[in-house]
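Fold and geometry: a report
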Amino acid sequence: MSAQLQPQASYRPMHPGDLAAVADLEKSLYPFPWSLGNFRDSLDAGYDCWVACDGERVIGYAILMVALDEAHLLNFAVASGWQNRGIGRDFLAFILGVARGAKVEMVYLEVRPSNLAARHLYRKAGFQQIAIRPSYYPAQGGREDALFLGITL
Ligand SMILES: CC(C)(COP(=O)(O)OP(=O)(O)OC[C@H]1O[C@@H](n2cnc3c(N)ncnc32)[C@H](O)[C@@H]1OP(=O)(O)O)[C@@H](O)C(=O)NCCC(=O)NCCS
């Protein structure tokens, strides 16, 4: 019998002091990253911005924009050195719990068709494909479609 790896992260609201660490992580994870200013704007706008931490160290983040009974998961990531340990699954469940607590009934997000890890994670969490947004993302040498997913809470 193999031992199950348990998620090791704790979660807390993102603070302005986290912005540099979050933007650094973002740069390390995406070829077309959000800027530090994009994260600051999200904080300033009052979006639900959360970090996953190992002790003091930020190892993941999530940006959830809530509008009445709907929410949009604008960004969600786990540091590459911490991936494949169940943290993404646990963090996503936590974020969906935050949404439920805010009386959200539907959560939406976009994901690249090429992002197999994220697609797997979202499908297992119960997200379903609603539509395809053509040429939504910047990509090397052109644009990439987005899969538009949603989950009813
Ligand atoms: C997507 C992401 C958040 C997943 O985080 P994670 O901590 O590695 O996720 P978990 O360890 O909880 O794994 C979740 C599931 O995905 C699976 N998975 C991981 N990498 C995979 C891959 N390359 N292809 C297919 N499945 C994969 C895991 O096996 C696990 O499946 P299981 O529940 O059936 O065992 C992480 O890969 C990431 O931050 N990627 C870069 C940023 C990003 O793309 N964010 C999403 C934008 S929409």
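I will try to describe carefully the structure that is included in this document. (Residues numbered from 1 in each chain as written. Predicted model: local features only at pLDDT ≥ 70, side-chain atom pairs only at ≥ 80, totals over all residues. Heavy atoms only, no water.)

To continue, consider the overall build of the protein chain. In terms of helices and strands, the protein chain carries four helices and seven strands. Along the protein chain, helices and strands appear, N-terminal first, in the series β-α-α-β-β-β-α-β-α-β-β. Radius of gyration (C-alpha) of the protein chain: 15 Å, near the 15 Å computed for a compact globule of 153 residues. Counting only C-alpha atoms and orienting by the principal axes, one finds that the protein chain spans roughly 40 × 40 × 35 Å. By sequence separation, contacts in the protein chain at least 24 residues apart represent 60% of the contacts at least 6 residues apart. As displayed, the protein chain has an accessible area near 8700 Å², and 51% of this comes from carbon and sulfur atoms. With 14 positive and 15 negative side-chain charges, the protein chain shows a spacing of 7 Å between the two charge centroids. (Helix = DSSP H or I, 4+ residues; strand = E, 2+ residues; numbered from the N terminus. Rg over C-alpha atoms; globule rule 2.2 N^0.38 Å. Contact = heavy atoms within 4.5 Å. Areas by Shrake-Rupley, 256 points an atom, 1.4 Å probe, with all protein chains shown as cover. Lys, Arg positive; Asp, Glu negative; His and termini not counted. Charge placed at Lys NZ, Arg CZ, Asp CG, Glu CD.)

Within the element layout of this structure, Gly81 appears in the loop between strand 4 (70-78) and helix 3 (87-101). Its relative accessible area of 52% is what places Gly81 among the exposed residues. When the C-alpha positions of Gly81 and Leu147 are compared, they lie 26 Å apart, and in sequence the two are 66 residues distant. (Buried < 20%, exposed > 50% of the residue type's maximum accessible area, 1.4 Å probe, protein only.)

Relative to each other, helix 3 and helix 4 (residues 116-125) sit at 50°, their axes nearing to 10 Å. Classified by the interaxial angle, the pair formed by helix 3 and helix 4 is oblique. Relative to helix 4, the crossing made by helix 3 is right-handed. Residues Gly88, Arg89 and Leu92 of helix 3 form the contact with helix 4, whose own contacting residues are Leu121, Tyr122 and Ala125. Taken together, the residues of the contact of helix 3 with helix 4 break down into four nonpolar, one polar and one charged. (Axes fitted to C-alpha atoms, helices over the stretch in contact; angles between N-to-C directions. Parallel < 35°, antiparallel > 145°, perpendicular 65-115°, else oblique. Left-handed = near helix turned anticlockwise from the far one by under 90°. Nonpolar A, V, L, I, M, F, W, Y, C, P; charged D, E, K, R; others polar.)

Turning our eyes to something else, we now look at the packing of aromatic side chains. A complete count under the given rule lists nine aromatic pairs for this structure. Here Tyr136 and Tyr137 contribute two aromatic rings whose centre-to-centre distance is 4.9 Å and whose plane-to-plane angle is 85°, an arrangement assigned as edge-to-face. Judged by relative accessible area, which is 15%, Tyr137 ranks as buried. Aromatic ring contacts, followed pair by pair, group Tyr11, Trp50, Phe76, Phe91 and Phe94 into a single cluster. Above the face of the Trp82 ring, Arg85 is positioned so that its terminal group lies 4.6 Å from the ring centre. The ring of Phe148 has Arg133 lying over it, and the distance from NZ or CZ to the ring centre is 4.0 Å. (Phe/Tyr/Trp six-rings, centres within 6.5 Å; stacked < 30°, edge-to-face > 60°. Lys NZ or Arg CZ within 6 Å of the ring centre and 35° of its normal.)

A few words on helix 3. With 15 residues, helix 3 ought to run about 21 Å at 1.5 Å a step, and its terminal C-alpha atoms sit 21 Å apart, in line with that. Taken together, the buried positions of helix 3 are occupied by Ile87, Gly88, Phe91, Leu92, Ile95, Leu96, Val98 and Ala99. Down the axis, helix 3 shows its buried residues gathered within 165° of arc, on one side only. Residues of helix 3 that are exposed and angled more than 90 degrees away from the buried face: Arg89 and Gly101. Just beyond helix 3, the residue with positive phi is Lys103, at close to 65°. (Expected span 1.5 Å × (residues − 1). Arc of directions from axis to C-beta.)

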